[in-house]
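These are the residues of each chain, in order.
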Amino acid sequence: GPKVLQIPSHQIIDMGQMVTLNCDPVSNHLYFYWYKQILGQQMEFLVNFYNGKVMEKSKLFKDQFSVERPDGSYFTLKIQPTALEDSAVYFCASSLGQSNERLFFGHGTKLSVL
Amino acid sequence: SQLAEENLWALSVHEGESVTVNCSYKTSITALQWYRQKSGEGPAQLILIRSNEREKRNGRLRATLDTSSQSSSLSITATRCEDTAVYFCATAPDSGYNKLTFGKGTVLLVSP
């Protein structure tokens, strides 16, 4: 079936550094999402993105976070600078339609901020 | 308070048995989704049930929705070891862009 690819699967960085998480969404999908999951806790919505713009973001989407998808390439989540509490697994997802649509998730990128 | 949550933290069954996971939610919805997450993977949608539906099936899976009690259930018949995973219900606001709220999940262990 359709797959969302996330690169890398694990990233370790020092606090204060910048990190970019990459996502290759399903090719014909139009809506893109990032979710955050801290170990043992529920998955939480960060942001959704459509037509080059952020449509909605949660309180977890701090000012240090940004997303983009330049020229239809990777959908990225950038954190600059990183903080210890950013350590989590970040899941990218995509969907064809806007609401009550099936989201296809990647396997996640585990971010460890030291 | 959680907008969607499963009612049990963990369940354990033997292969071949049936099992039901329950979920309650707090907001008005147009649909509720059930996802499964296996270790090391992202969630995979199992069933989407709309507010005008009472039951939806997908192979060995059956979801029910009771909008009056704001609850849903996911039943799995003839369980297999590969059904071992965390099961989530998820809801999204009536308007908006698939801003899903996930429950904490129910861990299902299916043993041989």
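The text that follows walks through the structure, step by step, so that each part is easy to find. This structure is a prediction, so every number in the text was calculated from the model and none was measured.

This next bit is on the packing of aromatic side chains. Each pair of aromatic rings is reported with the distance of its centres and the angle of its planes. Residue and element names in this part refer to chain A. All chains considered together, the criterion is met by 12 aromatic pairs over all chains. Here the aromatic rings of Phe49 and Phe75 are separated by 5.3 Å at their centres, their planes lie at 35 degrees, and the arrangement is tilted. On the criterion of sequence distance, the pair formed by Phe49 in strand β5 (residues 44-50) and Phe75 in strand β8 (residues 75-79) is long-range, its members being 26 residues apart. Pair check on accessibility: Phe49 and Phe75 agree, each one buried.

We now examine the interface of chain B and chain A. At the junction of the two partners, chain B supplies 22 residues and chain A supplies 22 residues. For the pair chain B and chain A, the summed buried area comes to about 2,000 Å², and 49% of that belongs to carbon and sulfur atoms. On inspection of chain B and its partner chain A, the count reaches zero salt bridges. In this structure, the connection of chain B to chain A is made through five residue pairs in polar contact (both at pLDDT 80 or more). Listing elements by their share of the side of chain B that touches chain A, those giving two or more residues are β4 (31-37) and β5 (44-50) of chain B. When residues in the side of chain B that touches chain A are grouped by element, the largest group, four residues, is from β4 of chain B. Its residues assigned to classes, the side of chain B that touches chain A comprises eight nonpolar, 10 polar and four charged.

Basis of the calculations
- Residue numbering note: each chain is counted from 1, following its sequence as written.
- Ligands are numbered from 1 and chains lettered from A, in the order in which they are written.
- With the structure being a predicted model, the display of local features is reserved for residues of pLDDT at least 70 and the display and counting of side-chain atom pairs for 80 or more, all residues being used for whole-chain, interface and lining totals.
- Side-chain metrics rest on all non-hydrogen atoms present in the structure, leaving aside hydrogens and water.
- Side-chain rings of Phe, Tyr and Trp, where Trp is taken by its six-membered ring, are said to pair if the distance between their centres is within 6.5 Å; with planes under 30 degrees apart they count as stacked, over 60 as edge-to-face, and otherwise as tilted.
- Numbering of helices and strands starts at the N terminus; helices are DSSP runs of H or I of at least 4 residues and strands are runs of E of at least 2.
- Partly exposed residues are those whose accessible area sits between 20% and 50% of the maximum for their type, while under 20% is buried and over 50% is exposed, using a 1.4 Å probe and protein chains only.
- In what follows, residue pairs with any heavy atoms lying within 4.5 Å of each other are defined as contacts.
- Buried area: the accessible surface (1.4 Å probe) lost by two parts on joining, summed over both.
- Every case where a carboxyl oxygen of Asp or Glu lies within 4 Å of a side-chain nitrogen of Lys or Arg is listed as a salt bridge.
- The term polar contact refers here to a pair of N or O atoms within 3.5 Å; inside protein, the definition further demands a hydrogen-donor-capable atom paired with an acceptor-capable atom, and it admits residues adjacent in sequence only when both atoms are side-chain atoms.
- As a working rule, the residues Ala, Val, Leu, Ile, Met, Phe, Trp, Tyr, Cys and Pro are called nonpolar, Asp, Glu, Lys and Arg charged, and the rest polar, with Gly in that last group.

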